[in-house]
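# Structural overview for review
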Amino acid sequence: MNAMTKLTTMKALVYHGPGEKAWEEHAKPTVIDPTDAIVRVTKTTICGTDLHILKGDLASCKPGRILGHEGVGVVDSVGPAVTAFKAGDRVLISCVSACGKCQYCRKGMFSHCTTGGWILGNTIDGTQAQFVRTPHADTSLYPIPEGADEEALVMLSDILPTGFECGVLNGKVQPGATVAIVGSGPIGLAALLTAQFYSPAEIIMIDLDDNRLAVAKRFGATQTINSTDGHAVETLMKLTDNKGVDTAIEAVGIPATFEMCEQIIAPGGVIANIGVHGVQVALHLERLWDRNISITTRLVDTASTPMLLDVLGAHKIDPTLLITHRFKFDDILEAYETFGNAAKTKALKVLIEA
């Protein structure tokens, strides 16, 4: 009986409605569609989006869902249509599932795949569990190169491509440009790391937390501003000779930070939104209508993941710098406490491993 239980059940972090979660026994996933793979998760992490779900910000995620959309692991089994992977392969799990065939996938907009997109830990069970079912395995998993650092690879599931695609690429960061990143949490720091691919002249980080700003300085920020005093906009404008910035990246997901981006953007600039917004935000067109600016929104497509894997393999970037705490799976509730109280714990990314 015990052996049968081990084969059919697992432990998982289950969402039970706003503010409610539990690390509990759950049925082990099985192959449903021919393109599925079942992956034994060896390392995962917690995303700010998981905290948004726990606050009740995402109606698409229903109670009873296993959370999480990042991780690495070992293929346990595959469906009959999977050709790129087999049991025993070590894999990176992308936060976005892509069929590769629908109209959006053919445009490279994998986040809007008609049978995939961001579904893990949202509309289907996710990676904060001992096993996860990954749809469209051939185009949603990546083989782990021999000798690669699995801790670094967890950061490539979501946070690095999100900061890069939604912030840096959408923000049209250019050599010699001035960039402000509002929010020095993990996603803002990921944007900071990847913005440096394009050699901007200035990267100004804005946050309420001196510890995170000190980390940003170590990661390559040229200037930091603590916004606690309410004068961050004035301080930034002084730093830029009252011009504002060419790119303003919003990396928090609350009205105040997006509206700050509206105040600091220079004529002809780009506001690139990364944050997950759960409430209405004011768009001040009375100030912006004649400023020649662009506002971009995006859900990460993970189209940059192969490039980021190459950059990681060449040791041109070190995403493990983002990891501040490590936990075992059975301590995942403590990991959530630590991550959710980052101002006190100084947490950036927490790594959770089997």
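The following refers to the structure shown. (Residues numbered from 1 in each chain as written. Predicted model: local features only at pLDDT ≥ 70, side-chain atom pairs only at ≥ 80, totals over all residues. Heavy atoms only, no water.)

### Observations concerning the pattern of salt bridges
According to the stated counting rule, one finds eleven salt bridges in the structure shown. The salt bridge partner of E150 is K43, with a shortest N-O separation of 3.6 Å. Of this pair, E150 sits in helix α5 (residues 150-154) while K43 sits in strand β3 (residues 37-45), and the two are 107 residues apart along the sequence. Under the relative-accessibility criterion, E150 is labelled buried at 15%. Within this structure, K43, R90, E150 and E353 form a network of salt bridges that share partners. (Salt bridge = Lys/Arg side-chain N within 4 Å of Asp/Glu carboxyl O. Helix = DSSP H or I, 4+ residues; strand = E, 2+ residues; numbered from the N terminus. Buried < 20%, exposed > 50% of the residue type's maximum accessible area, 1.4 Å probe, protein only.)

### A look at the side chain of D207
Positionally, D207 belongs in strand β9 (residues 202-207). Here D209 takes part through its backbone nitrogen, which lies 2.9 Å from a polar atom of the side chain of D207. For D207, the residues in contact, after removing those within four places along its chain, are G183, S184, G185, R212, L213, I225, N226 and S227. (Polar contact = N/O pair within 3.5 Å; in protein donor to acceptor, adjacent residues only side chain to side chain. Contact = heavy atoms within 4.5 Å.)

### Quick notes on helix α2 (residues 48-55)
In an α-helix, one turn spans 3.6 residues, which is why side chains three or four residues apart end up on the same side. Within the sequence span of α2, burial applies to T49, D50, H52, I53 and L54. Looking at the buried residues of α2, the elements they touch are β1 (9-15), β2 (21-27), β3 and α13 (332-340). Backbone geometry just after α2 places G56 at a positive phi near 90°.

### Examining the environment of I265
Examined against the element boundaries, I265 turns out to sit in strand β12 (residues 265-273). Among residues more than four places away in sequence, those in contact with I265 are V245, D246, T247, A248, V270, I271, L288, R291 and I293.

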